[in-house]
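Coordinate inspection notes
If you want the building blocks of each chain, they are given just below.
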Amino acid sequence: MIVDANALKYGDDINTDLIIPGKYLVITDEKRLGEHAMDGIDPDFYNKSRIGSILVVGENFGSGSSREQAPISLKNAGVKCIVAKSFARIFYRNAINIGLPVLECLDLWNEVRESDTLSVDLEQGTITNERTNRTFQATPLPPFILDIIQQGGLLNKLKDSL
Amino acid sequence: MNIIEKILSKASGMKEVVPDQIIDAKIDYAMINEITGYLVANYFRDVGAKKVWDPNRIAIILDHTIPAPTAEAAEVHRIVREFARELNIPGFYDVGRGGVCHQVMMEKGYVKPGEVIVGADSHTVTYGSLGAFSTGIGSTEMTSVFITGRLWFKVPKVIRIDVKGEFSKYVGAKDLFLSVAKEIGFSGATYMGLEFGGSTVRDMSVSSRMTLCNMAIEVGAKAGIVEPDKKTVDYVKSKTSDSFTLLKSDKDTEYGRAIDIDVNNMTPQIACPDAVDNVKPVSELGNIELDQIYLGSCTNGRIQDLQIAAKILKGKKVNTRTRLIVVPASQEIFVEAMNSGLIQTFVEAGAAIATASCGACYGGHLGILASGETCLSTTNRNFIGRMGDPNSKLYLSSPAVAAASALTGQITDPSNLRGHDS
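Residues numbered from 1 in each chain as written. Chains lettered and ligands numbered in written order. Predicted model: local features only at pLDDT ≥ 70, side-chain atom pairs only at ≥ 80, totals over all residues.

Secondary structure summary: chain A contains seven helices and seven strands in total. Each helix and strand of chain A, placed in order from N terminus to C terminus, yields the pattern β-α-α-α-β-α-β-α-β-β-β-β-α-α. Taking 15 Å as the expected radius of gyration for a compact globule of 162 residues, we find that chain A reaches 15 Å, a close match to that expectation. Along the three orthogonal principal directions, the C-alpha set of chain A runs to about 45 × 40 × 25 Å. Per-residue burial for chain A yields a buried fraction of 52% across its 162 residues. (Helix = DSSP H or I, 4+ residues; strand = E, 2+ residues; numbered from the N terminus. Rg over C-alpha atoms; globule rule 2.2 N^0.38 Å. Buried ≥ 20, exposed ≤ 12 C-beta atoms within 10 Å, placed from the backbone.)

On a plain count of helices and strands, chain B comes out with 14 helices and 18 strands. The principal-axis extent of the C-alpha atoms belonging to chain B is close to 60 × 55 × 40 Å. For chain B, the residues scored as buried account for 59% of the 422 residues in total. Restricting the contact set of chain B to residue pairs at least 6 apart, pairs at least 24 apart contribute 76%. (Contact = placed C-beta atoms within 7 Å.)

For chain B, per-residue confidence averages 97 on the pLDDT scale, and residues scoring 70 or more make up 99% of the total. Interface scoring of the predicted complex returns ipTM 0.95; its pTM is 0.96. (pLDDT = per-residue confidence, 0-100.)

Right, let's talk about the sheet that holds strand β11 (residues 257-262) of chain B for a bit. Residues and elements named next belong to chain B. If you trace the four strands from one edge of the open sheet to the other, you get β10-β9-β8-β11, paired in parallel fashion. At either end of the open sheet lies a strand with only one pairing partner, and these are β10 (223-226) and β11. Ignoring which end each strand starts from, the neighbouring axes of this sheet average 20 degrees apart. Across five bridges, the pairing between strand β8 (residues 158-164) and strand β9 (residues 193-197) is parallel. Residue pairing across strands places Ile161 opposite Phe196, the latter belonging to β9. Sheet strands in contact with helix α1 (residues 3-12) are β8, β9 and β10, and its direction is about 105 degrees off that of β10. (Pairing = 2+ DSSP bridges. Axes fitted to C-alpha atoms, helices over the stretch in contact; angles between N-to-C directions.)

The next thing to look at is the domain arrangement of chain B. Residues and elements named next belong to chain B. Here chain B is described as being made up of domain 1 (3-261) and domain 2 (270-416). Listed as interface residues are 34 residues of domain 1 and, on the opposing side, 30 residues of domain 2. Contributions of two or more residues to the side of domain 1 that touches domain 2 are made by α4 (101-107), α6 (173-184) and α8 (206-214). Ranked by the residues each element gives to the side of domain 1 that touches domain 2, the list is headed by α6, at six residues. The class makeup of the residues in the side of domain 1 that touches domain 2 is ten nonpolar, 16 polar and eight charged. (Domains from an automatic or database assignment. Nonpolar A, V, L, I, M, F, W, Y, C, P; charged D, E, K, R; others polar.)

Moving on: unusual backbone geometry. Residue and element names in this part refer to chain B. In this structure, Pro67 follows Ile66 across a cis peptide bond, with omega equal to -20 degrees. Mapped onto the elements of the fold, Pro67 is located in the loop between β3 (58-61) and α3 (71-86). Following Pro273, the chain continues to Asp274 via a peptide bond in cis, the omega torsion being -5 degrees. By the element assignment, Asp274 lies in the loop between β12 (269-271) and β13 (279-281). At Asp20, a residue that is not glycine, the phi angle is positive and equals roughly 75 degrees. By the secondary structure assignment, Asp20 is in the loop between α1 and β1 (22-26).

Residue and element names in this part refer to chain B. With respect to the helices and strands, the residue Ser398 is situated in the loop between β18 (393-396) and α14 (399-408). Exposure remark for Ser398: the 30 C-beta atoms within 10 Å place this residue in the buried category. For the pair Ser398 and Ser330, spaced 68 residues apart in sequence, the C-alpha separation works out to 19 Å. Every residue in contact with Ser398, bar those within four places of it in the chain, is listed here: Gly172, Lys174, Asp175, Pro268, Asn300 and Thr378.

Turning our eyes to something else, we now look at the interface of chain A and chain B. Of the residues lining the interface, 32 residues belong to chain A; the matching set on chain B comes to 41 residues. For the side of chain A that touches chain B, the leading source of residues is helix α5 (residues 89-97) of chain A, giving five residues. Among the residues forming the side of chain A that touches chain B, the class breakdown is twelve nonpolar, twelve polar and eight charged.

Our focus in this paragraph is the nonpolar core. For soluble globular proteins, the rule of thumb is that nonpolar side chains tend to be buried together. Membership of the largest hydrophobic core comes to 200 residues, with the highest contact counts inside it found for Ile82 and Val83 of chain A. Formed jointly, this core draws a minimum of three residues from each of two domains, domain 1 (3-261) and domain 2 (270-416) of chain B. Among residues more than four places away in sequence, those in contact with Ile82 of chain A are Leu55, Val57, Phe61, Ala95, Leu100 and Val102 of chain A. (Core = buried A, V, L, I, M, F, W, Y, C linked by C-beta atoms within 7 Å.)

Our focus in this paragraph is the packing of helix α2 (residues 34-46) of chain B against helix α5 (residues 139-148) of chain B. Residues and elements named next belong to chain B. Direction vectors running N to C along α2 and α5 enclose 55 degrees, while the axes themselves pass 9 Å from each other. Between α2 and α5, the angle falls in the class oblique. Viewed along their axes, α2 and α5 form a crossing whose handedness is right-handed. Contacts between α2 and α5 pair Thr36, Leu39, Val40, Tyr43 and Phe44 from the former with Ser139, Thr140, Met142, Thr143 and Phe146 from the latter. In terms of residue class, the contact of α2 with α5 is built from six nonpolar, four polar and no charged. (Parallel < 35°, antiparallel > 145°, perpendicular 65-115°, else oblique. Left-handed = near helix turned anticlockwise from the far one by under 90°.)

Moving on, we come to the sheet that holds strand β4 (residues 102-104) of chain A. Residues and elements named next belong to chain A. If you trace the seven strands from one edge of the open sheet to the other, you get β4-β3-β2-β1-β5-β6-β7, paired in mixed fashion. Only two strands of the sheet have a single neighbouring strand rather than two, namely β4 and β7 (134-137). Ignoring which end each strand starts from, the neighbouring axes of this sheet average 30 degrees apart. Examined bridge by bridge, strand β5 (residues 117-121) and strand β6 (residues 126-129) share four bridges and lie antiparallel to one another. Within β6, the residue paired with Asp121 across the bridge is Thr126.

Residues and elements named next belong to chain B. Helix length check: α3, at 16 residues, gives a terminal C-alpha distance of 22 Å against a target of 22 Å (1.5 Å per residue), a fit within 8%. Burial in α3 covers these residues: Ala73, Val76, His77, Val80, Phe83 and Ala84. Along the long axis of α3, the arc covered by the buried residues comes to 130 degrees, so they all point the same way. Facing away from the buried surface of α3 by more than 90 degrees, the exposed residues are Ala71, Glu82 and Arg85. A positive phi of about 55 degrees marks Asn88, the residue just after α3. (Expected span 1.5 Å × (residues − 1). Arc of directions from axis to C-beta.)

This next bit is on α5 of chain B. All names here are of chain B. Counted residue by residue, α5 has eight buried out of ten residues, so it is predominantly covered. Taken residue by residue, α5 has Ser139, Thr140, Glu141, Met142, Thr143, Ser144, Val145 and Phe146 as its buried positions. Of the residues one or two after α5, Gly149 is the one with positive phi, at around 70 degrees.

All names here are of chain B. In this structure, Ala329 sits in the loop between β15 (324-327) and α12 (331-339). When the C-alpha atoms of Ala329 and Gly98 are compared, they prove to be 9.0 Å apart, with 231 residues separating the residues in sequence. Apart from residues no more than four positions distant in its own chain, Ala329 is found in contact with Gly99, Val100, Gln103, Gly296, Ser297, Cys298, Gly301, Arg302 and Ala356.

If you want it as structure tokens, here you go:
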């Protein structure tokens, strides 16, 4: 499974309240949630990301709340994959469960400029920056997590088991 | 094994588990609120599920947006209410019936030592105060739990925090946790468990232990826990006649990290904007003028918290430069606060009282901040914009500091209140 898109780059400790502020949690339309993604940190995010993006972020991405609206809003804003130095626990599980690929890689952040085109190979856990032609190794996803992502999320697996 | 490993091995039917091992655990209770629960309701129907694994092991509690502030929120209520009725969930708490979900879970007897409890809310870690393993999960996983009654976990490494010494007057569990946060850092316990123990924790009420465990998530932890003792047993037996197992850490347990804290000389602590580990003693803050003070939440909205604040406020007035909002954490606490005269004390002091909810704490309603405003709050998170406008500032404190600060209009150590009978 290969994901290609332009990078959007942000720093450390981006919490769930910055990803989707509390006032939007009653929005039940996922498309509209997407329009408010990253509202707390970059009001122009949706316009930059809607054609498809790969988020390249620092440490502790998604700390705080268990709100699944956080990864849902990112996915609906066009985010195809998130590469972080590290993730907060609940966000990490939530993203995988809705079929949004997440990879942990310490080295990539310093080697990416905003709008670089990246190519992510999820099976291998590698990320290639097409501008510099350099490839970085992320922590590979365990097979059962890769399986959830490849099926488009945990709900699709649940459907099959019922 | 430590207490978390023992609980997880019991829940997974294994003799022993070790850190980083992935296990499949039987869930004892599962909880959703409306904000996370409407997604569960929609997902549950999407996958074509017809019934839950056990309706008696599920609690559905409206708390974030009650009473509904907008038509959109009312629609979310409707989805969740219909879902609860359709599934015949006895543990459904509508507007006016329960209050903040974690308080309701504790006081209605859903939490018992040795059990595994998941909630679709990050502050589910609160139930570790009774020696349960409890953690927050998302709505998709919760849908799976509703159907199967099981969930996978990675066994966490555990940090043991040993606390000794006696708290001074006006210092307590909140100040202790903020000191821990300063030490560990706000992502310092990611994926880990925090086990609180030592003589100070043994002397603490269940309410104070709840404050400690509640904030474990604020340093990234998967769980916060206190080994059960007589106080735990008395509390649980006063709420339920169900049986339970007392599990404790083995005497020779080795921990990934151990932290010793002596509270003897601890003074009131404040988490400054915009992070819970940006902690300073009140004495080092200088003059911080306050537009609003908020007393409430799953962290510090219990009767003990209201009593501490009311004692400081009794017969006095909230400073005209500021405003005080008091929100008891549950209907039960509200009644107790009325019967013991606390509500009257607050109203006579000039406080606004609101029905039990999470409203202002997460920036939903009932006390949102304007741009440029500063608030002192007894809640658990001071992220940028958490309680309203991104240009508002949020400081976190204990109920005692909140009450003293309401009288002066600036962040104040209660022991410095002139004319106060301390």
